[in-house]
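# A look at the structure
Read off the chains here:
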Amino acid sequence: MAGPSMCVRRVWHETGHSYGGAVISRAGNHENVCALVYVAAFAPDKGESVNTLIADPPPGAPVSPILPPSDGFLFLDREKFAVSFAGDLPADEARFLADSQVP
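This is a predicted model, so every value here is computed, not measured.

## Observations concerning the pattern of salt bridges
Applying the stated criterion across every chain, the model contains one salt bridge. In this structure, arginine 78 engages aspartate 99 in a salt bridge whose closest nitrogen and oxygen atoms are separated by 3.4 Å. Note that arginine 78 is positioned in the loop between helix H3 (50-54) and helix H4 (81-85) and aspartate 99 in helix H5 (residues 91-99), a separation of 21 residues in sequence. Assessed through its relative accessible area of 46%, arginine 78 is described here as partly exposed.

As structure tokens, this is what we get:
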């Protein structure tokens, strides 16, 4: 079974959701990555970051509730978390997720 196992070790598919898109964008530069899948994610170009993407949104665009970096970490505003990130969840679950943000 050398063929399939070699393929698994050599070819990567990366999937990113939300700010995870910024993470997989860097991984996409690796020669073994054959596909990137963005699921409701940031897709920064070379030299861009999540901060540059949200710094100047077009008029009428939804504004992400990402707070300024703290010790190198990004967090969503807890008060706006449910509406912006967990709108399809019951309120108690959205509050739990908002309170669970940790580095």
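Now that the structure has been shown, we can carry on.
## Let's talk about helix H2 (residues 20-27)
Of all the positions in H2, only Gly20, Gly21, Ile24 and Ser25 are classed as buried. Down the axis, H2 shows its buried residues gathered within 145 degrees of arc, on one side only. Across from the buried face of H2, at angles greater than 90 degrees, the exposed residues are Val23 and Arg26.

## Examining the nonpolar core
Core analysis: the largest hydrophobic core is formed by eight residues, namely Phe42, Val50, Ile66, Leu76, Phe81, Ala86, Ala94 and Ala98. For leucine 76, the contacting residues outside a window of four places in its chain are Ser64, Pro65, Ile66, Leu67, Phe81, Phe85 and Gln101.

## Digging into the side chain of glutamine 101
Tracing the backbone shows glutamine 101 in the segment after H5. For glutamine 101, a relative accessible area of 17% gives the class buried. Within the local environment of glutamine 101, its side chain forms a polar contact with the backbone nitrogen of leucine 76, the two atoms lying 2.7 Å apart. Of note is the side chain of glutamine 101, whose polar atom sits 3.0 Å from the backbone oxygen of alanine 98.

## Some remarks on the confidence of the model for the chain
Residues at a pLDDT of 70 or more form 84% of the chain, whose mean pLDDT is 79. At the low end of the mean pLDDT range in the chain sits helix H1 (residues 2-10), at 46; at the high end sits H5, at 94. Throughout residues 1-8 the model reports pLDDT below 50, and contacts reaching past four residues in sequence, or to other chains, amount to zero contacts.

## With respect to unusual backbone geometry
The phi torsion at aspartate 71 lies on the positive side, around 55 degrees, for a residue other than glycine. Among the structural elements, aspartate 71 can be located in the loop between H3 and H4.

Calculation criteria
- Per chain, the residues get numbers from 1 upward, laid out in the order the sequence is written.
- Confidence filtering applies because this is a predicted model: local features only for residues at pLDDT of at least 70, side-chain atom pairs given and counted only at 80 or more, and all residues used for totals across whole chains, interfaces and linings.
- Only hydrogens and water are set aside when side-chain values are computed; all heavy atoms of the structure are taken into account.
- Counted as salt bridges are all cases of a side-chain nitrogen of Lys or Arg within 4 Å of a carboxyl oxygen of Asp or Glu.
- Each helix corresponds to a stretch of at least 4 residues labelled H or I by DSSP, and each strand to a stretch of at least 2 residues labelled E; elements are numbered beginning at the N terminus.
- Here the term buried applies to any residue with accessible area under 20% of the maximum for its type, exposed to any over 50%, and partly exposed to those in between, with areas from a 1.4 Å probe on protein chains only.
- Throughout, the arc means the angular range of directions from the helix axis out to the C-beta atoms.
- What makes a nonpolar core is a set of buried Ala, Val, Leu, Ile, Met, Phe, Trp, Tyr and Cys residues whose side-chain atoms join them at distances within 4.5 Å.
- Any two residues having at least one pair of non-hydrogen atoms within 4.5 Å are treated as being in contact.
- Within 3.5 Å is the distance limit for a polar contact, defined as a pair of N or O atoms, with the added protein rule that one can donate a hydrogen and the other accept it, and that residues adjacent in sequence qualify only through two side-chain atoms.
- pLDDT runs from 0 to 100 and stands for how confident the predictor is about each residue.

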